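For reference, the chains in residue letters:
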Amino acid sequence: MAQSQGWMKKYFKSFCKGFFVTVPVAVTFLDQVACVARVEGASMQPSLNPGGSQTSDVVLLNHWKVRNFQVQRGDIVSLVSPKNPGQKIIKRVIALEGDIIRTMGHKNRYVKVPRGHIWVEGDHHGHSFDSNSFGPGSNSGSCACDAGGRTTEVSLGLLHAHATHILWPPERWQKLESVLPPERSPVPSEEE
Amino acid sequence: MLRGALGKTFRLAGYTIQYGCIAHCAFEYVGGVVMCSGPSMEPTIQNSDIVFAENLSRHFHGIQRGDIVIAKSPSDPKSNICKRVIGLEGDKVLTTSPSDFFKSHSYVPTGHVWLEGDNLQNSTDSRFYGPIPYGLIRGRIFFKIWPLSDFGFLRDSPNGHRFSDN
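Residues numbered from 1 in each chain as written. Chains lettered and ligands numbered in written order. Predicted model: local features only at pLDDT ≥ 70, side-chain atom pairs only at ≥ 80, totals over all residues. Heavy atoms only, no water.

Looking at an unreviewed UniProt entry, one finds chain B named Mitochondrial inner membrane protease subunit and attributed to Heterocephalus glaber. UniProt's Subunit (unreviewed entry) comment on chain B is quoted here verbatim: "Heterodimer of 2 subunits, IMMPL1 and IMMPL2." (UniProt positions renumbered as here; feature names shortened; annotations may be inferred.)

Per an unreviewed UniProt entry, chain A goes by the name Mitochondrial inner membrane protease subunit and belongs to Heterocephalus glaber. You can read under Function (unreviewed entry) in the UniProt record for chain A the words "Catalyzes the removal of transit peptides required for the targeting of proteins from the mitochondrial matrix, across the inner membrane, into the inter-membrane space. Known to process the nuclear encoded protein DIABLO." Recorded in UniProt under Subcellular location (unreviewed entry), the annotation for chain A is "Mitochondrion inner membrane".

So, in structure tokens, the structure goes:
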């Protein structure tokens with residue numbers, strides 16, 4: 001009887017030791033290095049979710065690349081939604097700080113992207129339905145990203161990760177290219 | 001002998017990674033000690049005061065009017081700002097000084113907060129750069145550790161009239 005109790009105590013001790021090693025390391029890895037997310041919504045068609053609601057793409061999100069807030073025009077990035085802090089949105093970077101960009105929409109005007117901000121847009125310009133909302137309860141090791149909504153300028157501090165590859169479904173395995181649609185390149189300023 | 005040294009190095013690296021990750025999780029999800037600099041929160045927080053910040057409230061959307069928060073600066077994501085929350089989304093905030101004759105109000109948009117420093121004369125805050133997204137908030141400051149003469153929970157805002165009337 002005493003022998004089995006000693007065995008259980010040893011087991012419990014080594015379980016706790018293992019738990020306090022693996023959980024912080026795993027959480028730190030998913031927060032700082034890379035994680036995986038399923039994309040919902042259609043505003044990044046045709047790059048992401050071309051099948052609509054039938055199949056959602058799963059993308060690899062690389063946190064490490066954006067740890068110094070370095071992004072290029074054309075990158076697909078995920079960020080915390082400025083309208084709903086509990087939700088992540090996934091969009092393409094169109095312009096960096098200091099660029100002058102022509103906004104597409106009902107007001108066709110020129111905007112200069114302020115310091116510390118970037119201009120992001122979905123690839124599907126015709127689409128304008130509201131974002132679905134996900135609560136933190138739907139995340140479990142991976143985060144769900146939404147691709148609904150319109151164009152907006154966002155603070156760089158909201159940057160979450162750089163989406164580099166599509167991992168699922170297998171027929172859509174690919175590296176996401178950082179291409180800027182030619183009609184969305186920034187307007188050259190007079191000084192250049 | 002080389003194998004012994006290599007084994008020791010790996011073990012050291014393993015412990016460093018393990019404790020580094022525990023520290024990261026603690027700072028990110030629980031809280032930590034922060035040193036504040038700048039005059040914009042005087043007299044509540046002076047330059048070089050050390051305070052205790054907790055990061056649980058922002059995950060549970062527990063940030064309220066009157067809380068002092070640390071947030072990423074909207075114009076420089078690598079630096080942090082420390083201000084008081086004056087208005088939450090939907091609140092009506094005064095965007096001009098109360099001594100101005102023509103007062104202008106605006107409403108805080110969804111998902112944003114309006115921040116102001118306690119030292120209104122010497123603070124660059126939402127009156128300058130507008131409301132900031134809630135997602136930029138890193139944590140809530142609630143306790144001062146240093147200097148010991150001011151040890152304890154932080155006072156309420158000395159500028160009570162800035163809060164929106166119900």
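Glancing now at the overall build of chain B. The number of helices and strands found in chain B is three helices and 10 strands. Compactness check: chain B gives a C-alpha radius of gyration of 20 Å against a globular reference of 15 Å for 166 residues, more than 25% above the reference. Dimensions along the principal axes, computed over C-alpha positions, put chain B at roughly 80 × 40 × 25 Å. Put simply, chain B has 166 residues, and 42% of those count as buried. Carbon together with sulfur atoms contributes 60% to the accessible area of chain B, which is approximately 9500 Å² in total. Charged side chains of chain B number 17 positive and 15 negative; the gap between the two group centres comes to 10 Å. (Helix = DSSP H or I, 4+ residues; strand = E, 2+ residues; numbered from the N terminus. Rg over C-alpha atoms; globule rule 2.2 N^0.38 Å. Buried < 20%, exposed > 50% of the residue type's maximum accessible area, 1.4 Å probe, protein only. Areas by Shrake-Rupley, 256 points an atom, 1.4 Å probe, with all protein chains shown as cover. Lys, Arg positive; Asp, Glu negative; His and termini not counted. Charge placed at Lys NZ, Arg CZ, Asp CG, Glu CD.)

Counting residues at the interface gives 21 residues for chain B, matched by 22 residues for chain A. Carbon and sulfur atoms make up 67% of the area that chain B and chain A hide from each other, which totals about 1700 Å². Of all residues in chain B, His24(B), Ser75(B) and Pro77(B) bury the most surface against chain A, accounting for 24% of the area lost on that side. Taken together, the connections running from chain B to chain A amount to zero salt bridges. Inspection of the region where chain B meets chain A yields seven residue pairs in polar contact (both at pLDDT 80 or more). Element by element, the count of residues in the side of chain B that touches chain A is highest for helix 1 (residues 2-29) of chain B, at seven residues. When the residues that make up the side of chain B that touches chain A are grouped by side-chain class, the tally is nine nonpolar, nine polar and three charged. (Contact = heavy atoms within 4.5 Å. Buried area = accessible area lost by both parts, 1.4 Å probe. Salt bridge = Lys/Arg side-chain N within 4 Å of Asp/Glu carboxyl O. Polar contact = N/O pair within 3.5 Å; in protein donor to acceptor, adjacent residues only side chain to side chain. Nonpolar A, V, L, I, M, F, W, Y, C, P; charged D, E, K, R; others polar.)

All names here are of chain B. Under the counting rule described, the total for this entry stands at 10 aromatic pairs over all chains. Judged by centre distance (5.9 Å) and plane angle (85°), the ring pair of Phe-52 and Phe-142 falls under edge-to-face. You can see Phe-52 sitting in strand 2 (residues 49-54) and its partner Phe-142 sitting in strand 9 (residues 137-146), a full 90 residues away along the chain. Since its relative accessible area comes to 23%, Phe-142 is described here as partly exposed. Here the aromatic cluster, defined as three or more aromatic residues joined through ring pairs, consists of Phe-52, Phe-142, Phe-143, Phe-151 and Phe-153. (Phe/Tyr/Trp six-rings, centres within 6.5 Å; stacked < 30°, edge-to-face > 60°.)

We now examine the confidence of the model for chain A. Residues at a pLDDT of 70 or more form 79% of chain A, whose mean pLDDT is 79. The low-confidence segment residues 128-144 of chain A, where pLDDT is below 50, has 31 contacts with residues more than four positions distant or belonging to other chains. (pLDDT = per-residue confidence, 0-100.)

Now for the UniProt feature "active site" (unreviewed entry) in chain B. All names here are of chain B. Residues annotated in UniProt with the feature "active site" (unreviewed entry) correspond here to Ser-40 and Lys-83. Spanning 44 residues, the annotated positions come together in the fold, the maximum distance between their C-alpha atoms being 7.8 Å. Note on placement: Ser-40 falls in the loop between strand 1 (31-36) and strand 2. What Ser-40 contacts, discounting residues up to four positions off in sequence, is Cys-82, Lys-83, Gly-117, Asp-118, Asn-119, Asn-122 and Ser-123.

Between the first and last C-alpha of helix 1 of chain B there are 40 Å, a value that for 28 residues agrees with the 40 Å anticipated at 1.5 Å per step. Every buried residue of helix 1 of chain B is listed here: Gln18(B), Cys21(B), His24(B) and Cys25(B). (Expected span 1.5 Å × (residues − 1).)

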